[in-house]
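Commentary on secondary and tertiary structure
Chain by chain, the residues:
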Amino acid sequence: MQYNFNEIEAKWQKYWADNQTFKAENDSDKEKFYVLDMFPYPSGAGLHVGHPLGYIASDIYARYKRHKGFNVLHPQGYDSFGLPAEQYAIQTGQHPAVTTAANIKTYRRQLDQLGFSFDWSREVRTSSPEYYKWTQWVFIQIFNSWYNKDSDKAEEIETLIAKFSKDGNANINAVCDDDIEDFTADEWRAFTDVKKQEILLKYRLTYLADTEVNWCPALGTVLANDEIVNGVSERGGHPVVRKKMTQWSMRISAYAQRLLDGLAKIDWPQPLKDSQTNWIGRSEGASVTFFTVENSFPIEVFTTRPDTIFGVSFMTLAPEHELVSKITTSDQKAEVEAYIEATAKRSERDRMADVKTISGAFTGAYAEHPFTKEPVAIWIGDYVLAGYGTGAVMSVPCGDQRDYDFAKHFNIPIPNIFEGVDISEEAFSDKDKTVITNSDFLNGLPYKKAVKRAIFELEKIGQGAGKINYRLRDAVFSRQRYWGEPFPVYYVDGMPQMIANEHLPVELPEVEKYLPTETGEPPLGNAEVWAWDTVTTKVVNNSEINNTTVFPLELNTMPGWAGSSQYFNRYMDPHNSEEIFSQKAINYWQDVDLYIGGSEHATGHLLYSRFWQKFMFDKGLVPKDEFAKKLINQGMITGTSAFVHFVTAKFENEKQFFIAINKKDLNNVDAVIKKWRNTAPVNSKAFKYGALISTHVDVSLINASDELDIEGFKKWRPDFEDSIFIKDDGEVFKVVREVEKMSKSKYNVVNPDSICEEYGADSLRLYEMFLGPLEQSKPWNTAGITGTHSFLKKLWRQFHTGENASFMVSEEEPSKESWKTLHKTIKKVEEDIDNFSFNTSVSTFMICVNELTAQKCVSRKVLEPLAILVSPYAPHIAEELWNKLGHTRSIATATFPTFEERYLVESSKEYPISFNGKMKFTLALSLDLSKEEIETAVMANEKTQQQLQGREPKKIIVVPGKIVNIVG
RNA sequence: GCUCGAGUGGUGGAAUUGGUAGACACGCCGGACUUAAAAUCCUGUGCUCUUUGGGGCGUGCGGGUUCAAGUCCCGCCUCGAGUACCA
C-alpha cells in the first residue's frame, strides 16, 4: 500500500475539523499551557513557504504539550485592519472589508492544508465590530485614567478630580503635560466645565495634543517613527515631512521604568530586550537651571555629566526652543531668524544625511553660571533636538565631542577641567579615568563622587536636582486612515467626549472615497452618516449636527497596534459580549507561555502590548503585568532568486536583440561573444553589443541544477523572445543564484500549495524544521525536500511490511537493539523540543527509522510510541498510522512515551583511550567503576601496555563516563 | 560611530557546552533493478600525499591557556541585524 499523503492529509484535516479535536476548554483540571503565534495580516498575495515557519514550530510545541497532558490553548486570528487593503480600495474602489474577507479565506485554506492544531472556534479579527468594540473599550479605560507616580500605577480619573477639589494640584505627583499651571481647590471648583476638561486632558493617559508628526503626503497619513525607514515610508517608499497636527497620544512614557524593569522577568531573546532597552533609552543625570542675565529667564537643561559643570563655556538651545525668540538680542535677530528658517526647511532626511556639518547661531544673550556666576553665551544649534530632554544643553566642550566640534567651529573657548589630559585634539569623555580640576568643590573627585557632590550643591542653591531621562516618547495614536478602528469619541465645544460603554461598538461608517477630503481631513471626513446623537445614542447623518444634542464624531482612526495589543487576552474568551474577557477565563489562562513571531516587532507591537498589559494590570483586569513569559523570534526564510544576464546586441541596420550569457561565461563575455559571432550569420560586419544587464527569472522556470527552461522563459517574458542563449558545453543554460528576501517582485516566491500537492504537508512541515535552527534566517531551496519526503515513505514502509506492502505490525517483543533505538529517540526528541531545537530532532527521526529498518523491527511496542513521537511534526501520517494500529481516538490525546534509562544502559560503556592526546583505541568498561578502578583496569589492559612500551605514564586523566587520557 | 549576533565540506547544517569535527540531509561519483525513464535500493564523498599499510593538514586570521580548543582568553578581519547628533 502506497503512502498516499494527499488522501491521508485531507482525511485527517476533515476529521479534526468535524470532531473539534483541538478545541480548548476554559474549564479543566489539567494544567494550562498557552502557545501563541503572532497573528497574520491577511495580504492579497497569500502565504509563501516562509510564512508558516513559526506556525509549524508553535504547532509542534502545542501538540507536544498536549501529549504531555496539558490543556493547551493554541488560537489563531487575523490582524485585519491595515494599509494595503485601504490602498487597494483607493485604487479599485472595492471596500476593504470585501478584499479582507477574501484574503482571509485564502489564508484559512492555506493554513488548514498544513494541518495546524489551531482552535478555530476562538478566531478573532481586529476589523470585526465584535472585536474592536473592546479595543474601543480599552481606549476609554485609558482615557479615564491618570498616572499617579506616588502609587506608581494608573488610577481612575475620578481620584484625581477628588484631589483637585480637595487640595488643588499643588501636591499631585503625576505623569502629565509640562505646561500645567498651579491652581487651588477653590480655583478648581470655580473653573468652567470646559476649562476643567482641558486641564484633565493634560493628565489623562491618552490625550489630545498638537504633536509634530511624520506626515506622508503621498499616503495622506501620519506615520510612526518605526514606520519610516531611511526617511521614507516603510510601505511604498514615499517621502515624509514634519507637520503639526492635533493627535491622540498614549502616555506610554509613564511606564518607561516599568517597561524596563519588566524585561528582567521575561524570557525573551537578548537582542530583542536590548533593542527595547535602547528604545526606552534611560539615562541618569541631573537637571540644571541657568538664568539669563537679562530678565532672568530660567533655562532648564538635562545633563548626564553634572560633574563637568565647571567646564561649561556656552549653552546650546534647539532652534525650536520657545525661549529663543524672547532672549535673542536685536543685533543677533537677523542671523538667528535666518538660521531657524534654514533648519525648518531641512527635512528630517537631510538632517540625517549630513550629521557632520556644524551649524548654529549666537543669540547675543548670556546666562549666569550657577556656581561661578560667570556669563555663559547662549547659542542655538540643530545638533540639539527639541524632542529630547528639555531641548537645551549646557555645553562642555572639553568633555563632549559634539560640544567640542561646535566650540572649535565657532571659536568658543574650551576650558580644561581634567587633570593631566590633553584636549588640544579632541574632547575627553572617559568617565572612569576622570579626575577633575579647576572646579572649586569638585576638585580631585572621581566621576561618581563628583556627580553626587554636584547634584548636592545644585539642590542646595535650588538650581537643579538629580533626574532620570528617557528617550521613549509618547506614542501617537491617531491615523488619517479609513481602514482602522474608529474612536468612540465625539466633540462638544472642541473637547473630546467618550461614548458610553453600553453603546459600543461605534462602527466604521461607509464612505464614497477612501482618500482624505479636499480640505485635508481624514477619509472619515467623507462619511455622510458620522455624527453622534446623544439623545437616541445613535450615529446619525452629519446634517443633523446642532451642537446641542448632536455632535461631530472623531475623524481619525486608531493605528495598527491598537488591535494587536490585547488580542492574546481576548482569545481566552473571544465571544464574550458582556466583558472583554471573563475574570474566570483570564484567571485560568493567566498569560502566554510561549509566543513565537518575528523580531521586526521589537519596538512596535511588542513594546505597546507590554504597555497595554501593564495598564490592564493596574486596572486589576489581568493577573500578570507581562503578557508573555517566553518569546522566540523565528528567523526569516529567504528566497533564492535567479538571474539571467544579457547583453543588448545589434547587427548593422537591423533590429536590436538580446544575447543571454551562461553563468559560467560571465567573466569572459567578450571571448564568448566573439566565439559565437564566428558561427553567426554572415552579415556580422558591423556587430555591436552593450554592457551586461541582468533580470530576475521566475524560480519555477529553474530546475534543481540551476538550469533554465528557455522555452518557458521566452513565453514568460515575450520581450526576450528573439534572444539568443549561449549555452554551456552540456547544452544547458545555467542562471546565477542569489539569496534575497522572498518577494513577489523578485520572482523567488515558492508557494506552499504546490509543495503540499507534490510532497504533502507533513514533508513540508518536517523540511521547514529541518532547514536549520528556528531563530536563524535561512535560504529556501525546494530541492532538499526529497530528504524529509523519503523519510516519511520509509516510516510508512516500516508499518507496511505485510503482503503487497499492506499494514502489518507484530505483537512480538522487540529486540534489545530496537528498544535501545526507541528510547534513544524518545530522549533526544524530548530534549530537542524542550530546547526548541526542532531541526536536530528531524535528524533523530531519520536515524531512528534507518536503524529500525536495519533491525527489521516491526514490533508494535516500538512502532506505537514512535508514531506519537513523530506526530507533533508530521501529524497526518501519525494520525493515519495510529488509526491503523487500532485506536479510535485521535493521536493528539495519546500520552508522550517516557524515556527509560535501562534501555540505553548496558553493562559496560566504551571509553576512548588516548595517548598523548591522540585517540588510539576504545575499551569497554563497567559503568559502575570508580575513577581509580577505571585507571587500574586501563593500566592492566594489554593495549595500554603496548602503547606505553614499558614507560611509566606521566599522568592519567579519567573523566568518568567520557574519556581516559594517558600522557606517556 | 555605538549595541548585539555570526563565520565549520560543493550546499543547508550537527557536535551531549572543553573530550574521536563534519551527525543528518541535499548535491555529486559509481553500482543494482529497468528496453528506457521515473521511483527505489546499495557503495563512496573535508582537503591532500601515498609504496593502499597508512601519513600530513584541516572549524575566518594571528597569538595564548590546557593532556585535550569549533567550543575558553587576548588582538585582528569579514558578514548580518538593530540604532543613530539622546546631551
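Residues numbered from 1 in each chain as written. Chains lettered and ligands numbered in written order. Predicted model: local features only at pLDDT ≥ 70, side-chain atom pairs only at ≥ 80, totals over all residues. Heavy atoms only, no water.

Our focus in this paragraph is the overall build of chain A. Summing up its helical and strand segments, chain A has 30 helices and 35 strands in all. Here the C-alpha coordinates of chain A stretch approximately 100 × 90 × 85 Å along the principal axes. In chain A, the share of contacts with a sequence separation of at least 24, taken over all contacts with a separation of at least 6, comes to 70%. When the accessible surface of chain A is summed, it comes to about 44,700 Å², and 49% of that surface belongs to carbon and sulfur atoms. For chain A, the distance from the average position of its 109 positive side-chain charges to the average position of its 134 negative side-chain charges is 5 Å. (Helix = DSSP H or I, 4+ residues; strand = E, 2+ residues; numbered from the N terminus. Contact = heavy atoms within 4.5 Å. Areas by Shrake-Rupley, 256 points an atom, 1.4 Å probe, with all protein chains shown as cover. Lys, Arg positive; Asp, Glu negative; His and termini not counted. Charge placed at Lys NZ, Arg CZ, Asp CG, Glu CD.)

Okay, the sheet that holds strand S25 (residues 628-633) next. Reading across the sheet, the 4 strands line up as S2-S1-S24-S25 and stay open at both edges, with parallel pairing between neighbours. Both outer strands of the open sheet, strand S2 (71-73) and S25, are each paired with one neighbouring strand and no more. Mean inter-strand twist for the sheet, computed between neighbouring axes without regard to direction, equals 20°. When strand S1 (residues 32-37) meets S2, the two strands line up parallel, connected through 3 bridges. Note on S2: the bridge partner recorded for Tyr34 is Leu73. Together, S1, S2 and strand S24 (592-597) form the strand contacts of helix H2 (residues 53-67), whose direction differs from that of S1 by roughly 170°. (Pairing = 2+ DSSP bridges. Axes fitted to C-alpha atoms, helices over the stretch in contact; angles between N-to-C directions.)

Turning our eyes to something else, we now look at the sheet that holds strand S4 (residues 153-156). Where strands meet in a sheet, backbone hydrogen bonds hold them as pairs that are either parallel or antiparallel. Spatially, S4-S3-S5 is the arrangement adopted by the 3 strands of the open sheet, whose pairing is antiparallel. Whereas interior strands pair on both sides, the edge strands pair on one side only; in this sheet they are S4 and strand S5 (174-175). In terms of strand pairing, strand S3 (residues 145-148) meets S4 through 4 bridges, oriented antiparallel. Counted as the bridge partner of Tyr147 is Ala154 from S4.

Before going further, it helps to spend a moment on the pattern of salt bridges. In the structure shown here, the tally under the stated rule is 38 salt bridges. Lys166 serves as the salt-bridge partner of Asp167, at 3.8 Å between the closest nitrogen and oxygen. Residue class for Asp167 comes out partly exposed when judged on its relative accessible area of 46%. Residue classification places Lys166 among the exposed residues on the basis of a relative accessible area of 64%. The residue Asp591 makes a salt bridge to Lys624 at a minimum N-O spacing of 3.4 Å. Taken together, the residues Asp591 in the loop between helix H18 (583-589) and S24 and Lys624 in the loop between helix H19 (605-618) and S25 connect sequence positions 33 residues apart. Among the ionic contacts, a cluster of salt bridges with common partners joins Lys32, Asp591, Asp593, Lys624 and Lys629. (Salt bridge = Lys/Arg side-chain N within 4 Å of Asp/Glu carboxyl O. Buried < 20%, exposed > 50% of the residue type's maximum accessible area, 1.4 Å probe, protein only.)

What follows concerns helix H22 (residues 752-759). Regarding H22, the residues found buried are Pro752, Asp753, Ile755, Cys756 and Tyr759. Looking down the long axis of H22, one finds its buried residues gathered within 165° of arc, a one-sided arrangement. Opposite the packed face of H22, turned more than 90 degrees from it, sit the exposed residues Glu757 and Glu758. Against helix H1 (5-19), helix H4 (96-112), helix H23 (761-770) and helix H24 (785-799) lie the buried residues of H22. Where H22 begins, the capping side chain belongs to Asn751, and its oxygen is found 2.6 Å from the backbone nitrogen of Asp753. (Arc of directions from axis to C-beta. Polar contact = N/O pair within 3.5 Å; in protein donor to acceptor, adjacent residues only side chain to side chain.)

As a further point, take the packing of helix H25 (residues 816-834) against helix H26 (residues 838-854). With their axes 9 Å apart at the nearest point, H25 and H26 run at an angle of 170° to one another. Taken together, the axis directions place H25 and H26 in an arrangement best described as roughly antiparallel. Where H25 abuts H26, its residues Ser818, Thr821, Lys824, Thr825, Lys828, Val829, Asp832 and Ile833 lie against Phe838, Thr840, Ser841, Thr844, Phe845, Cys848, Glu851 and Leu852. Its residues assigned to classes, the contact of H25 with H26 comprises 6 nonpolar, 6 polar and 4 charged. (Parallel < 35°, antiparallel > 145°, perpendicular 65-115°, else oblique. Nonpolar A, V, L, I, M, F, W, Y, C, P; charged D, E, K, R; others polar.)

Here we come to the nonpolar core. Counting 91 residues, the largest nonpolar core has Phe139, Trp248, Tyr255, Phe477, Tyr567 and Tyr595 as its most contacted members. Broken down by element, this core gets its largest block of residues, 9 residues, from helix H5 (residues 129-143). Beyond its immediate stretch of four places on either side in the chain, Tyr595 contacts Leu36, Asp37, Met38, Tyr567, His605, Leu606, Phe627, Ala628, Lys630, Leu631 and Ile632. (Core = buried A, V, L, I, M, F, W, Y, C linked by side-chain atoms within 4.5 Å.)

Turning next to the environment of Ile755. Topologically, Ile755 is positioned in helix H22. Separated by 706 residues in the primary sequence, Ile755 and Val49 place their C-alpha atoms 8.8 Å from one another. Each residue touching Ile755, except ones within four places of it in the same chain, is listed here: Val49, Val750, Gly760, Leu764, Trp780, Thr782 and Ile785.

What follows covers the packing of aromatic side chains. Two measures describe an aromatic ring pair: the distance that separates the ring centres and the angle between the ring planes. Overall, the coordinates contain 71 aromatic pairs when judged by the stated rule. Residues Phe314 and Phe406 carry aromatic rings whose centres are separated by 5.6 Å and whose planes lie at 20° to one another, so their mutual orientation is stacked. Highlighted residues: Phe314 in strand S13 (residues 314-317) and Phe406 in helix H14 (residues 401-409), separated in sequence by 92 residues. This pair shows no difference in class: Phe314 is buried, exactly as Phe406 is. With a centroid separation of 5.7 Å and 70° between ring planes, the pair formed by Tyr595 and Phe627 is classed as edge-to-face. Residue Tyr595 is located in strand S24, and its partner Phe627 is located in the loop between H19 and S25; the two are separated by 32 residues in the primary sequence. With a relative accessible area of 0%, Tyr595 lands in the buried category. Residue class for Phe627 comes out buried when judged on its relative accessible area of 1%. Taken together, Phe33, Tyr61, Tyr64, Phe70, Phe791, Phe836, Phe838, Phe845, Tyr873 and Phe896 form an aromatic cluster joined through their ring pairs. It is Arg63 that lies over the ring of Trp16; its NZ or CZ is 4.9 Å from the centre. (Phe/Tyr/Trp six-rings, centres within 6.5 Å; stacked < 30°, edge-to-face > 60°. Lys NZ or Arg CZ within 6 Å of the ring centre and 35° of its normal.)

Turning our attention to the packing of H24 against H26. In contact at an axis separation of 10 Å, H24 and H26 are set at 40° when each is read in the N-to-C sense. Judged by the angle between their axes, H24 and H26 are oblique. Judged by the twist between their axes, the crossing of H24 over H26 is left-handed. Here Gly787, Thr788, Phe791, Lys794, Leu795 and Gln798 of H24 come into contact with H26, specifically with Val842, Phe845, Met846, Val849, Asn850, Leu852 and Thr853. (Left-handed = near helix turned anticlockwise from the far one by under 90°.)

A few words on the confidence of the model for chain A. Low pLDDT marks stretches whose predicted atomic positions should not be read closely. Residues at a pLDDT of 70 or more form 90% of chain A, whose mean pLDDT is 87. With pTM at 0.89, the complex prediction returns an ipTM value of 0.92. (pLDDT = per-residue confidence, 0-100.)

Residue placement: Ser424 occurs in the loop between H14 and helix H15 (447-460). Using a relative accessible area of 42% as the deciding quantity, one classes Ser424 as partly exposed. Once residues lying within four places of it in the same chain are set aside, the contact partners of Ser424 are Tyr404 and Lys408. A polar atom in the side chain of Ser424 sits 2.9 Å from the side chain of Asp422.

Turning our eyes to something else, we now look at the pairing of strand S19 (residues 489-492). Note: S19 against strand S20 (residues 495-498), 4 bridges, orientation antiparallel. Within the sheet, the bridge partner assigned to Val489 lies in S20 and is Met498. If you look at the hairpin formed by S19 and S20, you'll find 2 residues sitting between the two strands, and Asp493 has a positive phi there, around 50°.

What follows deals with unusual backbone geometry. Cis geometry is adopted by the peptide bond preceding Pro505, which originates at Leu504 and carries an omega value of 0°. Its place among the elements puts Pro505 in the loop between S20 and strand S21 (531-533). A positive phi angle, close to 65°, is found at Lys373, a residue other than glycine. Tracing the backbone shows Lys373 in the loop between strand S14 (361-368) and strand S15 (375-380). With a relative accessible area of 45%, Lys373 lands in the partly exposed category. Its identity is not glycine, yet Asn438 carries a phi of approximately 50°, on the positive side. Here Asn438 is to be found in the loop between H14 and H15.

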